[in-house]
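Structural description and commentary
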Amino acid sequence: MEKDISKMNPNKLPDVPAFQDDFTREFMGAIDEVEEGFYLFQSMTGKYTMMYPGNAKMQKTYYGFTGENYEKLRFAGGDEEITGAVYTVDLSFKHNKDTIRLDTHLSVVSMGIRYDGDFEKIETDDTEIYFAKNTLPEDGKTIGSYNFFGVVKSKESNKTLNYTYMVYCEGRTEKGCGYDTEAIEAHVKKLMKSVTFEPGGREE
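No experiment lies behind these values; they were computed from the predicted model shown. (Residues numbered from 1 in each chain as written. Predicted model: local features only at pLDDT ≥ 70, side-chain atom pairs only at ≥ 80, totals over all residues. Heavy atoms only, no water.)

**A closer look at the overall build of the protein chain**
Rule in force here: Strands are runs of DSSP state E lasting at least two residues, helices are runs of H or I lasting at least four, and both sets are numbered from the N terminus onward. Atoms considered for the radius of gyration are the C-alpha atoms alone. The globule rule reads 2.2 Å times the number of residues to the power 0.38. Buried, partly exposed and exposed residues are distinguished by accessible area as a fraction of the type maximum, computed with a 1.4 Å probe on protein chains only: under 20%, between the cut-offs, and over 50%, respectively. To be clear on the numbers: accessible area is Shrake-Rupley with a 1.4 Å probe, and residue cover counts the displayed protein chains and nothing else. Just so you know, the count uses Lys and Arg for positive and Asp and Glu for negative, and it drops His and the chain ends. The atom standing in for a charge is NZ when the residue is Lys, CZ when it is Arg, CG when it is Asp and CD when it is Glu.
A tally of helices and strands in the protein chain yields four helices and 11 strands. The globule rule puts the C-alpha radius of gyration for 204 residues at 17 Å, and the 17 Å found for the protein chain is close to it. The C-alpha extent of the protein chain, read off along each of the three principal axes, is 50 × 45 × 30 Å. Classification of the 204 residues of the protein chain by burial places 49% in the buried group. In the structure as shown, the protein chain presents an accessible area of about 10,500 Å², 45% of it carried by carbon and sulfur atoms. A distance of 4 Å separates the average location of the 25 positive side-chain charges in the protein chain from that of its 36 negative side-chain charges.

Okay, structure coming up:
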């Protein structure tokens, strides 16, 4: 794994926003792509990694960090992988010493996206993923964004990552933008499955 990428000369790094933006570069864990167009993101908490799009920048003013047990962040880009549209991703990591009910996490995510419904459960070897999707009307009639969201939960500890992926519909018509929502859904699920929590017990 690369060391001190944040201190390297940007001219020697990939020519993408993830490395050319000073703040975003601090989170990049390696120069090599983990998949075409995606790089390794390393949390400042040191407790999780994930795939990160090279075309996105972190929003420094939104970032929050209160030690190794909490982090929130937002990144955004103007060329979403499936649609080419503007998109944002909001994340919130927590590592609680005491068990917090899953429905509390799901409720937090749902309120932020105005969702009232069920979540699909997906399992990997090390995580449980709870996934849902909806559209967010801008004025009650037209579609302003397509939203894919949920919670990634460690199976071995109380680490969780709330994940909200929003693709904006600039046309804002009642019929939407005609995006391939199934393809976006599959893409977001792949990103959520890429989340890897560092080993560690419940009492850290």
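**A look at the pairing of strand β9 (residues 143–154)**
Note the cut-off: When DSSP finds two or more bridges between a pair of strands, those strands are recorded as paired.
For β9, a buried count of 11 out of 12 residues is recorded, marking the element as mostly surrounded by other parts of the structure. Looking at chain direction, strand β8 (residues 127–137) and β9 are connected through 11 bridges and run antiparallel. Paired with Ala132 across the strands is Phe149, a residue of β9. Two elements, β9 and strand β10 (residues 159–168), share nine bridges in a ladder whose sense is antiparallel. Looking at the pairing, Phe148 lines up with Tyr165 of β10. What sits between β9 and β10 in their antiparallel hairpin is a turn of four residues.

**Looking at the pairing of strand β2 (residues 48–53)**
When you tally the buried positions in β2, you get six out of six residues, the bulk of the element. As paired strands, strand β1 (residues 38–42) and β2 are joined by five bridges and run antiparallel to one another. What sits directly across from Gln42, in β2, is Thr49. The antiparallel hairpin formed by β1 and β2 contains five residues in its connecting segment, where Gly46 sits at a positive phi of about 75 degrees. Two strands pair when backbone bridges link them, and β2 and strand β11 (residues 196–197) are joined in this way by two bridges, in the antiparallel orientation. Across the sheet, the residue bridging to Tyr48 is Phe197, located in β11.

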